[in-house]
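Chain and residue survey
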Amino acid sequence: MARSRSGTRNSRGPRKPPRRPGDSGEATVKTLDPTERGAIEIPASITVKELADLVGVNPADVIRELIKSGIFANINQVIDRDTASLVTSDLGYEVAEAKPVEAAESNGAAPSQAATKEVLYEEDDAADLQPRAPIVTVMGHVDHGKTSLLDAIRSTTVAAGERGGITQHIGASEVTHDKRRIVFLDTPGHEAFTQMRARGAKVTDIAVIVVAADDGVMPQTLEAIDHARAARVPIVVALNKIDKADANPDRVKTELSEHGVVIEEYGGDVPLVPVSARMGTGIKDLLETILVTSDALVDPKANPKRPAIGTVVEAELDKGRGAVATILVQTGTLRVGDIVVVGDTYGRVRALENGAGQRVAKAGPASAVVLLGLAEVPAAGDVLRAVPDEKTARGMIDVRKAAVSARPEGSGRATLEDLYRQIQAGQTKELRVIIKADVQGSLGAIQHALEQIQSDEVRINVLHEGTGDISDNDIQLASASDAVVIGFNTKIDAATRRTAESEGVDVRLYDIIYRLTEEMQAALNGMLEPEEVTVTEGRAEVRQLFKVGKTQVIAGCSVTEGRIVRGGARVYRGGKLLVEEDRIESLRRFRDDVREVATGFECGISLVTFQDFQEGDIIECFTRQMVSRVVQG
């Protein structure tokens, strides 16, 4: 029987109590009988010694159970709740259900590792949630005016080198419109945007895609759109440079529609706002549109009273100040003096600075601050979580590092083999791909070929397509979206391949289209649930009846077609179905039980329920089999 790590009482029931004190030379510990002990509450992380004290057993007993599970730990080793629950259950004690993360934190326990991967607003009661400012990422093609637009929004000229309202670049800017705050992420480009998502940080509420009216939709524009779609965030199009003489807004709108971005003017749901960053035209309309989109589609809320959760926007090592990280607080309130865990490091908040470089005592939801006090420099996209004390922080770091070291080699997040496993677990019904080809014509041919192998149940979802070599940006998008990268008549350099290997992204290269489509067809076939079919195995005619005991009747039969096997059975009389479904209870040749009887041989058949046979009846046997299905091209 497989062991359960669910934290509930072991199904085998209480075992014999662990060895009593005095059985060996170990220190005497008062071991409690499981029947005398109620359910034991276990925190998210705990040392072996603490677990032994909590349960009331010798530490050696805990270590012995860990060794049985393949974990070699010393008395001071930190283990996670699941492991501790298994050990406690195997020792014969009942484990209490895990508390919600919020409750666990209030008692000084660390949140589980899974809870640190995402910002979980569900942890809070609805009554505690308050509206917060929307967080906006600005993306688009190079030279289309992203920075200039942000400058216009902030009414500064940072791009020209002058020090304006934001005197330090801290990775995020706050503006106020109609007495409401909006937070803009200054992180350049969709690469950083996707790196955050790849690390599990869902930061952005709305994506503003900047398109130059005189240049139109460009490759990086499409990449930005694909990244926003993959993140499932609403899009607002900022049509920039409308003041230029060669601006052609209608052409841009048409190009957007051709790539699936249908603006509201054309009957779609994507707002488009004409702006001129240089002239300051349309900025207020853009801010108003962002707020309307936020209210209608996002409705961002947070609980300012809880311990802070945030995300690292950027970080660096400052020679004078040590590790410096810009933190975007998403829920809760971050205060000076808090103990925080950030990625694989932790520390006490020594100081917080706002965007103007001023020291502040705290930062609430949707606030960007510079944090000083971490032991090491974290990575962009790492999640910050305030914890009760340093012991909890160290325990969380140990658990995370142990989880990373215990991860099976080759357990990448986006190989076809992994997708097969997800399919078997019912986790996905689409194959997400990123396509890079040598020329635009190849992309069209590939798209057409892939469209021929779609079905209503499973499909290929092309997150992004483009021409040229496979880049780091393609790998980052695949990593964040659990996608497979397909290259056709293109290549991937050594550095990008190393990135793919480290991120666990599957890269498939082809030079013949039919080989590409064959492999994709095989992947989709694997996604289809197998179909149960009824297979008729054979028929036998009843020639004679034998009564055994008081009730059982055995039909002496001659196999007229196929073979008779143990399985389901139907009975026909006079050409009409008499018994729709029964089962063969016994199948005999003379005195021997047999598995099957072939055509032309005689046998004795008895069914589980039906006994009222007559000579001339036809017994039809059948089996049910699971048959793989194929996507119809």
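It should be emphasised that the depicted structure is a prediction, and the values quoted were computed from it without experimental measurement. (Residues numbered from 1 in each chain as written. Predicted model: local features only at pLDDT ≥ 70, side-chain atom pairs only at ≥ 80, totals over all residues. Heavy atoms only, no water.)

1. Observations concerning the pairing of strand β18 (residues 367-374)
Threshold: Relative accessible area decides the class of each residue, using a 1.4 Å probe on protein chains only: under 20% of the type maximum gives buried, over 50% gives exposed, and in between gives partly exposed. The secondary structure listing takes helices from DSSP runs of H or I that are at least 4 residues long and strands from runs of E that are at least 2 residues long, numbered from the N terminus. Two strands qualify as a pair provided that DSSP identifies no fewer than 2 bridges between them.
For β18, the tally of buried residues reaches 8 of 8 residues, placing the bulk of the element in the interior. Taken together, the 7 bridges between strand β12 (residues 322-331) and β18 define a ladder with antiparallel strand orientation. Bridge pairing in β18 places T326 opposite V370. Two strands pair when backbone bridges link them, and strand β15 (residues 345-353) and β18 are joined in this way by 4 bridges, in the antiparallel orientation. Paired with L352 across the strands is L371, a residue of β18.

2. Here we look at the pairing of strand β6 (residues 180-185)
In this sheet, β6 lies alongside strand β4 (residues 135-140) in parallel orientation, the contact comprising 3 bridges. Counterpart to T137 in the pairing with β6 is L185. Two elements, strand β5 (residues 172-177) and β6, share 6 bridges in a ladder whose sense is antiparallel. Among the inter-strand pairings, S173 is bridged to a residue of β6, identified as F184. Where β5 folds back on β6, the antiparallel hairpin that results is connected by 2 residues, among which D178 adopts a positive phi of roughly 50°.

3. A word on the environment of L372
Within the fold, L372 resides in strand β18. For the pair formed by L372 and R321, sequence separation is 51 residues and the distance between their alpha carbons is 7.3 Å.

4. Some remarks on the pattern of salt bridges
Here is the rule we go by: The term salt bridge refers to a pairing of a side-chain nitrogen on Lys or Arg with a carboxyl oxygen on Asp or Glu at a separation within 4 Å.
Scanning all chains against the criterion turns up 28 salt bridges. D214 is the partner of K244 in a salt bridge, and the nearest nitrogen-oxygen pair spans 3.2 Å. Pair noted here: K244 is in the loop between β8 (235-240) and α8 (249-258) and D214 is in the loop between β7 (206-212) and α7 (219-230), with a separation of 30 residues, a long-range link. K244 gets classed as partly exposed once you look at its relative accessible area, which sits at 38%. Measuring nitrogen to oxygen at the nearest pair gives 2.9 Å for the salt bridge that ties D506 to R508. The residues D506 and R508 share a single accessibility class, namely buried. In this structure, a network of salt bridges that share partners links the residues R539, E561, R570 and E620.

5. Structural notes on the packing of aromatic side chains
Selection rule: Each Phe, Tyr or Trp ring, with Trp reduced to its six-membered ring, pairs with another whose centre is within 6.5 Å; inter-plane angles below 30 degrees give stacked pairs, above 60 give edge-to-face pairs, and intermediate values give tilted ones. Here, over-ring charges are defined by two tests on the NZ atom of lysine or the CZ atom of arginine: distance to the ring centre within 6 Å, and angle to the ring normal within 35 degrees.
With the rule as written, the count across this model stands at 1 aromatic pair. Across the ring face of F622, the terminal group of R570 is positioned such that the distance to the ring centre comes to 4.2 Å.

6. Remarks on unusual backbone geometry
Excluding glycine, residues mostly carry a negative phi; peptide bonds, for their part, are mostly trans. If you check the backbone angles, K179 has positive phi at about 65° while not being a glycine. Inspection of the secondary structure assignment puts K179 in the loop between β5 and β6. When its relative accessible area of 84% is taken as the criterion, K179 is described as exposed. With phi around 50°, D299 is a residue other than glycine that occupies positive phi space. Following the sequence through the fold, D299 ends up in the loop between α9 (283-298) and β10 (301-302).

7. As for the side chain of T221
Stated formally: In what follows, residue pairs with any heavy atoms lying within 4.5 Å of each other are defined as contacts.
Its place among the elements puts T221 in helix α7. On the accessibility criterion, T221 (0% relative accessible area) is buried. Those residues in contact with T221 that sit more than four places away from it in its chain are H141, H144, I209, V211 and G216.

8. What to know about the packing of helix α13 (residues 472-481) against helix α14 (residues 494-503)
Definition in use: Angles here are taken between N-to-C directions and fall from 0 to 180 degrees, while the axes themselves are lines fitted to C-alpha atoms, restricted in helices to the stretch in contact. With respect to orientation, any angle under 35 degrees is reported as roughly parallel, any angle over 145 as roughly antiparallel, any angle of 65 to 115 as roughly perpendicular, and every other angle as oblique.
Across the interface, α13 lies against α14 with an axial gap of 9 Å and an inter-helix angle of 10°. Between α13 and α14, the interaxial angle falls into the category roughly parallel. Residues D472, I475, Q476 and S479 of α13 form the contact with α14, whose own contacting residues are T496, T499, A500 and E503.

9. A word on the sheet that holds strand β20 (residues 430-437)
In space, the 4 strands of this open sheet follow the order β21-β20-β22-β23, with parallel pairing throughout. Only two strands of the sheet have a single neighbouring strand rather than two, namely β21 (459-467) and β23 (507-510). Across the sheet, the mean angle separating the axes of adjacent strands is 25° when strand polarity is ignored. As judged from the 8 bridges shared by β20 and β21, these two strands associate in the parallel manner. Bridge pairing in β21 places L431 opposite I460.

10. Focus: the confidence of the model for the chain
Which entries qualify depends on this criterion: pLDDT is defined as a per-residue confidence score from the predictor, taking values between 0 and 100.
In the predicted model, the chain carries a mean pLDDT of 77, and the fraction of residues at 70 or more is 76%. This stretch, residues 1-30, has a pLDDT under 50; its non-local contacts, to residues over four places away or in other chains, come to 56 contacts. In this model residues 407-414 is a low-confidence stretch, pLDDT under 50, and it forms 17 contacts with partners more than four residues away in sequence or in other chains.

11. Remarks on the sheet that holds β5
Strand order in the open sheet formed by 6 strands is β5-β6-β4-β7-β8-β9, and the pairing between neighbours is mixed. Each having just a single partner strand, β5 and β9 (272-274) make up the two edges of the open sheet. Looking at each pair of strands side by side, their axes are set apart by 30° on average, direction ignored. Here β7 runs beside β8; their pairing, made up of 6 bridges, is parallel. Bridge pairing in β8 places V210 opposite A238. Contacting β4, β5, β6, β7 and β8, helix α5 (residues 146-154) runs over the sheet at an angle of about 145° to β4.

12. Regarding helix α12 (residues 440-451)
Spelled out, the test is: One less than the number of residues in a helix, times 1.5 Å, gives the span that helix is expected to have. What the arc measures is the spread of directions leading from the helix axis to the C-beta atoms.
End to end, α12 covers 17 Å across 12 residues, agreeing with the expected 16 Å (1.5 Å per residue, within 8%). The complete set of buried residues in α12 reads S442, L443, I446, A449 and L450. Down the axis of α12, the buried side of the element spans an arc of 130°, and every buried residue falls inside it. Pointing more than 90 degrees away from the buried face of α12 are the exposed residues Q440 and G441.

13. A closer look at the packing of α5 against α9
Two numbers describe how α5 lies on α9: the axes approach to 10 Å, and their chain directions differ by 90°. The orientation of α5 relative to α9 falls into the category roughly perpendicular. Residues L149, A152 and I153 of α5 lie in contact with α9, whose contacting residues are I283, L286 and L287.

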